[in-house]
Structures are given as structure tokens and as C-alpha cells.
Amino acid sequence: MDGSADALSELYADFSGLHMEGGWHRVKPALWPAPLENFEPHHWRYANVKPLLDRAGKLIGTDKAERRNLTMTNPVAGNLYPTVRTIVAAYQMIKPGEVARAHRHTPNALRLILEGHGTHTVVNGNRVEMRPGDVLLTPAWAWHSHDNVGEDDCYWMDFLDVPLVHLLESMFYEPHPDGVEQDVVAVDHSPIAFRWEDSLKRLEDAPDTPEADAHQSIELGAPALKTISLHVQKLHAGRATRPRRTTANNIFAVMHGEGKTVVDGKTFQWRFGDTICAPAWRPYQHAASSDAILLKVSDAPTMAALGWLKQEASA
Ligand SMILES: [Fe+2]
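Residues numbered from 1 in each chain as written. Predicted model: local features only at pLDDT ≥ 70, side-chain atom pairs only at ≥ 80, totals over all residues.

Draft legend 1. Local environment of the overall build of the protein. Within the protein, the secondary structure is distributed over 5 helices and 23 strands. Considered along the principal axes of its C-alpha atoms, the protein spans approximately 80 × 50 × 35 Å. When each of the 315 residues of the protein is scored for burial, the buried share is 40%. Contacts in the protein between residues far apart in sequence, at least 24 positions, make up 75% of those at least 6 positions apart. (Helix = DSSP H or I, 4+ residues; strand = E, 2+ residues; numbered from the N terminus. Buried ≥ 20, exposed ≤ 12 C-beta atoms within 10 Å, placed from the backbone. Contact = placed C-beta atoms within 7 Å.)

Draft legend 2. Quick look at the pairing of strand β3 (residues 88–94). Most of β3 is tucked away, with 7 of its 7 residues classed as buried. Burial along β3 is two-sided: the face carrying Val-88, Ala-90, Gln-92 and Ile-94 and the face carrying Ala-89, Tyr-91 and Met-93 are both buried. Sheet analysis places strand β2 (residues 69–71) next to β3, joined by 3 bridges and oriented antiparallel. Residue Thr-71 lies in a different strand from β3, and its bridge partner there is Ala-90. Sheet topology places β3 next to strand β10 (residues 154–160); 7 bridges connect them, and they run antiparallel. Of the residues in β10, the one forming a bridge with Met-93 is Tyr-155. (Pairing = 2+ DSSP bridges.)

Draft legend 3. Highlighting the domain arrangement of the protein. Its domain assignment divides the protein into domain 1 (46–193) and domain 2 (197–313). The centre of domain 1, based on its C-alpha atoms, is set 22 Å off from the matching centre of domain 2. Between domain 1 and domain 2, the contact holds 21 residues from the first and 22 residues from the second. The element best represented in the side of domain 1 that touches domain 2 is strand β5 (residues 109–115), accounting for 3 residues. Split into classes, the residues belonging to the side of domain 1 that touches domain 2 amount to 14 nonpolar, 5 polar and 2 charged. (Domains from an automatic or database assignment. Nonpolar A, V, L, I, M, F, W, Y, C, P; charged D, E, K, R; others polar.)

Draft legend 4. View of the nonpolar core. In terms of nonpolar packing, the biggest core is built from 66 residues, with Leu-110, Phe-159 and Ala-253 touching the most fellow members. A domain split of this core shows at least three residues from each of domain 1 (46–193) and domain 2 (197–313). Leave out the neighbours within four places in its chain, and Phe-159 touches Ile-87, Ala-89, Ala-109, Leu-110, Ile-228, Ile-251 and Val-297. With 5 residues, the next largest nonpolar core counts Ala-280, Trp-281, Ala-300 and Met-303 among its residues. (Core = buried A, V, L, I, M, F, W, Y, C linked by C-beta atoms within 7 Å.)

Draft legend 5. Inspection of the environment of Arg-244 at higher detail. Structurally, Arg-244 can be placed in strand β16 (residues 244–246). Taking the number of C-beta atoms within 10 Å as the measure of exposure, Arg-244 has 18 and is therefore partly exposed. Taking C-alpha positions, Arg-244 is 29 Å from Lys-28, a pair spaced 216 residues apart along the chain. Setting aside chain neighbours within four positions, we find Arg-244 in contact with Asp-213, Pro-283, Tyr-284, Gln-311, Ala-313 and Ser-314.

Draft legend 6. Local environment of the sheet that holds β3. Sheet architecture is open: 6 strands sit in the order β2-β3-β10-β5-β8-β13, paired in antiparallel fashion. At either end of the open sheet lies a strand with only one pairing partner, and these are β2 and β13 (193–194). Of the strand pairs in this sheet, strand β8 (residues 135–138) and β13 are connected by 2 bridges, and their pairing is antiparallel. Residue pairing in the sheet places Val-135 in a bridge with Phe-194 of β13. The sheet strands contacting helix α2 (residues 46–59) are β2, β3 and β10, and the helix crosses β3 at an angle near 55°. (Axes fitted to C-alpha atoms, helices over the stretch in contact; angles between N-to-C directions.)

Draft legend 7. View of the sheet that holds strand β11 (residues 173–175). Pairing is mixed across the open sheet formed by 6 strands, whose spatial order is β11-β4-β9-β6-β7-β12. For this open sheet the edge positions go to β11 and β12 (185–186), each flanked by a neighbour on one side alone. Sheet topology places strand β4 (residues 99–105) next to strand β9 (residues 144–148); 3 bridges connect them, and they run antiparallel. In the strand pairing of β9, Val-99 is matched with Asp-147.

Draft legend 8. Focus on the pairing of strand β17 (residues 250–256). Most of β17 is tucked away, with 7 of its 7 residues classed as buried. In this sheet, strand β20 (residues 275–278) lies alongside β17 in antiparallel orientation, the contact comprising 4 bridges. Its bridge partner lying in β20, Ile-251 is registered against Cys-277.

Draft legend 9. Highlighting the environment of Thr-227. Note on placement: Thr-227 falls in the loop between β14 (216–220) and β15 (229–235). Taking the C-alpha atoms as reference, Thr-227 lies 8.9 Å from Leu-164; in sequence the two are 63 residues apart. Beyond its immediate sequence surroundings of up to four residues, Thr-227 is in contact with Asn-108, Asp-161, Leu-164, Asp-299, Pro-301 and Thr-302.

Draft legend 10. Layout of α2. Spanning 14 residues, α2 covers 20 Å between terminal C-alpha atoms, matching the ideal 20 Å at 1.5 Å per step. Looking at α2, one finds that the buried residues are Tyr-46, Val-49 and Leu-53. The arc that holds the buried residues of α2, viewed along the axis, is 60°, so those residues lie on one side. Facing away from the buried side of α2 by over 90 degrees, the exposed positions are Ala-47, Asn-48, Pro-51, Leu-52, Arg-55, Lys-58 and Leu-59. Buried residues along α2 sit against β1 (42–44), β2, β3 and β10. (Expected span 1.5 Å × (residues − 1). Arc of directions from axis to C-beta.)

As C-alpha cells, then:
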């Protein structure tokens, strides 16, 4: 082989002209030995977020915003939206008398209620009260709206697989033609509602799991959504969990207590309402200073369905 540099350059230019690239001289590699460190570990403090939601509440009504939410954008350079590769998390607030109109979309969604009473969510015609500590699901393509008939500003966290839907180009979205659903039934028990008191009771009976990423853990649903699993996890004060890493992207929401999480060398001191993300393959370890409860929101079902879920203890 004695191809000159000029002849190669001409060849590569011809590749480019056909929108092609030689596999042996890529601008960017296509394969690598282990997950890249793309998304960053990060921590959002509820104490910083809540005043911003309150300010937004004075300026932006539900007439202007389909949802008054603040998404948690991963700080990695160039990122405009996802919290981790497949999931976006957000804080949301709804004021007394407000209605967030009904719509539906292909992304799956769930909510964790932080504060306030009097807000209901309507999912496919079933109206369910949302109380602090509850987790409520909105599966793909289900109609859903929210309304606050109480006296409290209500705060919650949303988690959606929108970034995965973006990657897969499978987005559909539709506002409800009537604004909100017309045929609505009030229900207290629903397969889409996981109540805080039920989670606490189940946690009490959950076995100790010294090898896992929490000391006691229960799963909500099996899994809760096709793409997202949910675990309510108890951390015992003064006991660190074993460091672990997984190909799943995990987001932890603090439901109760205080502590710290170390994600790939970064230490985050957290308390109620905070959010910590541990992107794929970044080792993480929790240590609570008081008994604490986290909600782990994970894309493990997506990884498992594709045969790519791998998890192991890490140093
Ligand atoms: Fe929605």
C-alpha cells in the first residue's frame, strides 16, 4: 500500500461528499471500553428552588404556563434539558384556585409530592388527591391535569422519560380538546397512587439489605413505569451504604431526613426536598446523619429490557 497523503485526502473528501466517513479515521470514536463520564453528578437544593417557584408564582399563571415547573438541567457543557441521559426531573408549584390543563404525551411521568394539601391530579378520568410523600404515576399517553382546590401552595417534583423519547424520536403530544376531562370520578385508592403512609409501613417490614444501596428498600410497582423504576429507600443514621456503580441512571429525591451522598468523588450534603443525580457508571454512596428516606428514580427497567443493566460494588 503506497497511497500518498494527497490521494487519501481526496478519498476522504469524496467520502464526505456522500455523507460518509471511513471507520478507520473517525472524527469521534464510535466504540469505547466502558461508559463515558458524560453527565455530571449534581445536587439541587430545595431551599434554593422554593423561593424561585414562589417568585415565578407571582409572575407566571397557569394561563401562561401549561405547567409552572423548573427543570433540573444537568450542568454538563452543552446540555439544554436532561437531568441524566434518559430522565428529566423538575420542581413544580400550583397555587390555590389554579388548574393545570389536561394533556397527554408519549413520555411516562411521575410525581413526588413535597408540600401542601388540596391539590388533585386527574389521570384518565380518575381524580386522586395528592398528599405530601405520595408518589403518583402518569403512564404514557394517559390524560392528566392538576387542580388546587385547597388553601396551600402545593410543591412537588416531576420525573419524566422525555430525554429517552427525544433520543428515540417517538414524541407525540396532545392538549385535551375540552381543556380538562369532563367525565371524572374521585378515587382514594388507585394503582397510580402510592401513599406515603403505605410506603412507611412497608419500609418498617422490609428486610435489612447490607449489600444494597440502602439499608431497607421497597419498590413501588414492579416496575412503576415501563422505563422507570421507583424505590423508597431507608438509610439508617450513622451507617454508610456500600459504594456501588451501575449502568442505570439514578436520581435520588430526599423524602425525609438529612445526610450526604458521594457521587464519583463529589460530596453532596442534602436535606428534605433536595435532588441528587448519579449518572450511569458513576460510583455513589449514601450516609445519613439522621434516619432518612430517599426516592430512587432509575432507568434500570430500560437498561434491563435492552440487556444492558450492569451493577457492581465499587471501591
Ligand atoms: Fe404532562
